[in-house]
Amino acid sequence: MSPASYLRGLKPDWLRDPKVWRTEVLGGLVVALALIPEAISFSIIAGVDPAVGLFASFTMAVVISVVGGRRAMISAATGAVALVIAPLNREHGFGYLVAAVILAGVFQVVLGALGVAKLLRFIPRSVMVGFVNSLAILVFMAQIPEMRDVPWAVYPLVIGGLALMVFFPKVTTVVPAPLVSIVILTVITVGAAIAVPTVGDKGSLPSSLPVPGLPDVPFTLDTLTTIAPYAFAMALVGLMESLMTAKLVDDITDTRSDKTRESVGQGIANIVTGFFGGMGGCAMIGQTMINVKVSGARTRLSTFLAGAFLMVLCIVFGPIVSDIPMAALVAVMIMVCFATFDWHSIAPKTLKRMPAGEIAVMVITVVAVVASHNLAVGVVIGSVTAMVIFAKRVARLAEVTAVTDPDGTSVVYRVTGELFFASSNDLVGQFDYAGDPGRVVIDLSAAHIWDASTVAALDAIETKYAQRGKTVEITGLNTPSADLHARLTGELSGH
């Protein structure tokens, strides 16, 4: 390989392929336009100036594009984080909010380094489907206020925007359909002087770049104890949403991401955001879907440009951006909802084939998220429900069969299945202590001991037989089960 060929191989895709470069640039531009009203809305939720949310979206996107572990994923100010830190800002002031954002970033770096991302594998597929569907519902619900008590012209504009995004790709895919929709609807409303809500109605846009500085709080233990609970909650919510979004993008793009790097990267991005006076944030699944699924972006360039374009649009083109009708952005988000929702999961054919427990977990996840407006709450409740259903299902697989020797001097109980707290609790009642002969053999060659509850159950069985003068022999233990039994037997009774 020649040196020139080698150097070309080191270049990222967006430098080697003009088509990729164009896709990434336009994708970043569409995301930046959609970020502006959302960042302003989240600022209102947190009780801070709109510039705080916009600064946070800028710094989060730019930093995570470098240090994150999932390419093309968008991180910015989010509603979930705003809900967590709003009480802190309300009760103690903006300085404490900024300090909490920085501390949350530190927590995320530590949790990421400790391998918290590995816990993602314990989240079942039914919870993931519920997460995606509930997210689509939440994003759609967030658009409803923009279509309530508004001039009648908003409705044909929304319908027109949706029509453009459906039919324009049939003409060409060179320019993202959402961008075309936004531009055309803006030209129509401005040119015809149609009075409809615009981006400018959400709040004033910043006129300069953010300046770094320390939070205006006393650096004391009291401050730390005040912000720590909010910071830790923010860290957990942010990591959960970011890791779930990264997994979703992995599935959509058929690529793998570094979840540990993403966890640490989220922390670094929040630390930087805090020092620049932002409200913090995490991965945004709605904006990520615009970038990845609608625009087709696949590299870090689109993430970086989303943040960079955001500031350019606010500072340089603020007056123009302020004239964008909210109807155009509502249409984009509705299209994102439609593309995000897993329609296959609710198809009659799928529902007929899926186990009832899997459907229940998906529905419970959706209901929990929609009711709490918190994706993290839904994921936790859905995962716990899935674990309970799994435990009950596995518990039924443990069976006990008895075979008595022809001479009547001994009986062999063959135990099959997985023995843990849910299945071993019923184990004690499956033996005939009074009617069995003097020698009892419990064959566990087709079983596995998982926990102390099972060892305690076996001890209880031996005790009940010993009280009647009968002996018990446990055979067939595999090596892990034998080690656990040998270590705990006789040590679990408090009497």
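Above this note sits the structure.
Residues numbered from 1 in each chain as written. Predicted model: local features only at pLDDT ≥ 70, side-chain atom pairs only at ≥ 80, totals over all residues. Heavy atoms only, no water.

Colleague: Please clarify how the overall build of the protein should be interpreted in this entry.
Modeller: Helix and strand counts for the protein stand at 21 helices and six strands. When the backbone C-alpha atoms are referred to their principal axes, the protein occupies close to 100 × 65 × 60 Å. A total of 495 residues make up the protein; the buried ones form 51% of that total. Counting contacts in the protein only where the partners sit at least 6 residues apart, residues at least 24 apart contribute 84% of the total. Here the protein has roughly 22,600 Å² of accessible surface; of this, 65% comes from carbon and sulfur atoms. Averaged over its 33 positive side-chain charges, the protein has a centre that lies 9 Å from the centre of its 34 negative ones. (Helix = DSSP H or I, 4+ residues; strand = E, 2+ residues; numbered from the N terminus. Buried < 20%, exposed > 50% of the residue type's maximum accessible area, 1.4 Å probe, protein only. Contact = heavy atoms within 4.5 Å. Areas by Shrake-Rupley, 256 points an atom, 1.4 Å probe, with all protein chains shown as cover. Lys, Arg positive; Asp, Glu negative; His and termini not counted. Charge placed at Lys NZ, Arg CZ, Asp CG, Glu CD.)

Colleague: I tried to follow the layout of surface pockets on my own but got confused; where do I start?
Modeller: To find leftover empty space, a probe the size of one water molecule is rolled over the atoms. Roughly 790 Å³ of internal volume is contained in the largest pocket. Along its surface, the largest pocket is lined by 31 residues, and Glu-38, Phe-42, Gly-79, Leu-138 and Ala-142 are the ones closest to its centre. Counting residues per element, the ones that place at least two in the lining of the largest pocket are helix H3 (18-46), helix H5 (79-92), helix H7 (125-143), helix H12 (285-294) and helix H15 (326-340). Tallied by class, residues from the lining of the largest pocket come to 19 nonpolar, eight polar and four charged. (1 Å grid on protein atoms, 1.4 Å probe; cavity = no way out; pocket = protein on both sides within 12 Å on 5 of 7 lines; lining within 4 Å. Points joined across faces, edges and corners; volume = space filled by probe spheres on them. Nonpolar A, V, L, I, M, F, W, Y, C, P; charged D, E, K, R; others polar.)

Colleague: Is there a simple way to think about the side chain of Glu-38 in this case?
Modeller: With respect to the secondary-structure elements, Glu-38 resides in helix H3. Look past the residues within four positions of Glu-38 in its chain and what remains in contact with it is Met-284, Gln-287 and Met-333.

Colleague: Mind showing me how you'd approach the nonpolar core here?
Modeller: Here is a general trend for soluble globular proteins: nonpolar side chains tend to be buried in one another's company. Counting 105 residues, the largest nonpolar core has Ile-36, Leu-54, Phe-131, Met-279, Ile-290 and Leu-310 as the members making the most contacts within it. In this structure, Ile-36 is in contact with Leu-54, Val-199, Leu-205, Leu-310, Leu-313, Cys-314 and Val-321, ignoring residues within four places of it in sequence. (Core = buried A, V, L, I, M, F, W, Y, C linked by side-chain atoms within 4.5 Å.)

Colleague: Would you mind going over empty space enclosed by the protein with me for this structure?
Modeller: On inspection of all chains with the given rule, the structure shows one cavity of 30 Å³ or more. Roughly 30 Å³ of volume is contained in the largest cavity. In this structure, the largest cavity is lined by Ile-64, Ser-65, Arg-70, Arg-71, Ala-72, Met-73, Glu-262, Arg-300 and Thr-303. Among the secondary structure elements, those contributing two or more residues to the lining of the largest cavity are helix H4 (50-67) and helix H13 (300-315).

Colleague: How do you make sense of the environment of Gly-277 when you look at a structure like this?
Modeller: With respect to the helices, strands and loops of the structure, Gly-277 is situated in the loop between helix H11 (259-275) and strand S2 (282-283). Linking Gly-277 and Ala-51, residues 226 residues apart in sequence, is a C-alpha distance of 9.5 Å. Gly-277 has contacts with Val-52, Phe-94 and Val-98, leaving out every residue within four places of it along the chain.

Colleague: Explanation requested: a nonpolar patch on the surface in the structure shown.
Modeller: A cluster of nonpolar side chains, contributed by Val-312, Val-316, Phe-317 and Ile-320, occupies part of the molecular surface with about 350 Å² of accessible area. For Phe-317, the position within the fold is in the loop between H13 and helix H14 (318-322). With relative accessibility at 38%, the residue Phe-317 sits in the partly exposed group. (Patch = residues over 30% accessible without salt bridge, like charges linked within 9 Å, V, L, I, M, F, W, Y side chains within 5 Å. Salt bridge = Lys/Arg side-chain N within 4 Å of Asp/Glu carboxyl O.)

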